[in-house]
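A look at the structure
The lines below spell out each chain.
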Amino acid sequence: MAAPAGAGAVIAAAERGRWLWPVLAAALGLWTAGVSALEVYTPKEIYVANGTQGKLMCTFKSVNTTSKLTSVTWSFQPEGTDTTMSFFYYSQGQGFPGDDPPFKNRIRWAGDLSKKDASINIENMQSIHNGTYICDVKNPPDIVTKPGHIQLYVVEKEALPMFPVWVVVGIVSAVV
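Cut-offs applied
- Residues numbered from 1 in each chain as written.
- Predicted model: local features only at pLDDT ≥ 70, side-chain atom pairs only at ≥ 80, totals over all residues.
- Heavy atoms only, no water.
- pLDDT = per-residue confidence, 0-100.
- Contact = heavy atoms within 4.5 Å.
- Buried < 20%, exposed > 50% of the residue type's maximum accessible area, 1.4 Å probe, protein only.
- Helix = DSSP H or I, 4+ residues; strand = E, 2+ residues; numbered from the N terminus.
- Pairing = 2+ DSSP bridges.
- Polar contact = N/O pair within 3.5 Å; in protein donor to acceptor, adjacent residues only side chain to side chain.
- Core = buried A, V, L, I, M, F, W, Y, C linked by side-chain atoms within 4.5 Å.
- Salt bridge = Lys/Arg side-chain N within 4 Å of Asp/Glu carboxyl O.
- Axes fitted to C-alpha atoms, helices over the stretch in contact; angles between N-to-C directions.
- Phe/Tyr/Trp six-rings, centres within 6.5 Å; stacked < 30°, edge-to-face > 60°.

Attention now moves to the confidence of the model for the protein. Put simply, the protein has an average pLDDT of 81, and 69% of its residues get 70 or more. Across residues 19–34, confidence stays below pLDDT 50; counting only partners more than four residues off in sequence or on other chains, it has one contact.

Here's what the structure looks like:
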């Protein structure tokens, strides 16, 4: 007795499935081979004296060398809000500060992408600058899986903790 026509179709589909999954897995592997994770490092929080310059440290690790395609975006989420605004962009050796009032004429590039440093300085810090700062680095083909976040507090000079230099150096070294 002959097998029903439908059974042959099921067997043919099963045979196709044996080679289809390895081919799909290989294609996915080739597609993602040029993409790897980029890691961004920032301190969790910093304290800056009112009226002084604050340096927002941001470094990154990437298996790829930096190029003209490498870019950095800094964003800010004011304390007590859910809104985030970009206020500085760096690409191809140029900084592009935003014109938003809390940051206008206060932002200076302090990084060196060849050393994988994406830090910035903010002049004349005020209480309006309290909040979360986000450093997002793109270094194609690497992609950022998680940007760096810094909680910044602007305090009166007298309120800053006084530590011996060796303690500060040890803390900074441990973070990096």
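The next thing to look at is the pairing of strand β10 (residues 131–138). Across the eight residues of β10, seven count as buried, placing the element largely inside the fold. Pairing analysis gives eight bridges linking strand β5 (residues 71–78) to β10, with the strands arranged antiparallel. Directly across from Trp74, in β10, lies its bridge partner Cys135. Sheet topology places β10 next to strand β12 (residues 148–155); five bridges connect them, and they run antiparallel.

Okay, the side chain of Ser119 next. Inspection of the secondary structure puts Ser119 in the loop between β8 (107–109) and β9 (120–122). On the basis of relative accessible area, Ser119 is assigned to the buried category, the value being 0%. For Ser119, the side chain forms a polar contact with the main-chain nitrogen of Cys58, separated by 3.1 Å. Aside from chain neighbours lying at most four places away, what touches Ser119 is Lys55, Leu56, Met57, Cys58, Trp74, Trp109, Ala110 and Gly111.

Attention shifts here to the nonpolar core. Grouped together as the largest cluster of nonpolar side chains are 26 residues, with contacts concentrated most on Leu56, Trp74, Phe87, Tyr133 and Val137. Among the elements of the structure, β1 (37–41), β2 (45–49), β5, β6 (85–91), β9, β10 and β12 are those that each provide at least two residues to this core.

Going through the model one piece at a time under the given rule, you end up with one salt bridge. The shortest N-O distance in the salt bridge between Lys138 and Asp136 comes to 3.6 Å.

Attention now goes to the sheet that holds strand β7 (residues 94–97). Taken in spatial order, the six strands make up an open sheet running β2-β12-β10-β5-β6-β7, and their pairing is mixed. The open sheet has two free edges, formed respectively by β2 and β7, since each of these has just one partner strand. Adjacent strand axes in the sheet meet at a mean angle of 20°, parallel and antiparallel pairs treated alike. Direction of pairing for β5 relative to β6: antiparallel, over a ladder of six bridges. Directly across from Ser71, in β6, lies its bridge partner Ser91.

Evaluation of the coordinates by the stated rule reveals nine aromatic pairs. Measuring from centroid to centroid gives 6.2 Å for Tyr89 and Phe96, while their planes differ by 35°, and the two rings are tilted. Owing to a relative accessible area of 35%, Tyr89 belongs among the partly exposed residues under this scheme. When the centroid spacing of 3.7 Å and the interplanar angle of 5° are considered together, the rings of Tyr90 and Trp109 count as stacked. One end of the pair, Tyr90, is in strand β6; the other, Trp109, is in strand β8, and 19 residues separate them in sequence. The class of Trp109 is partly exposed, set by a relative accessible area of 22%. Joined through ring pairs, the aromatic side chains of Phe76, Phe87, Phe103 and Tyr133 make up one cluster.

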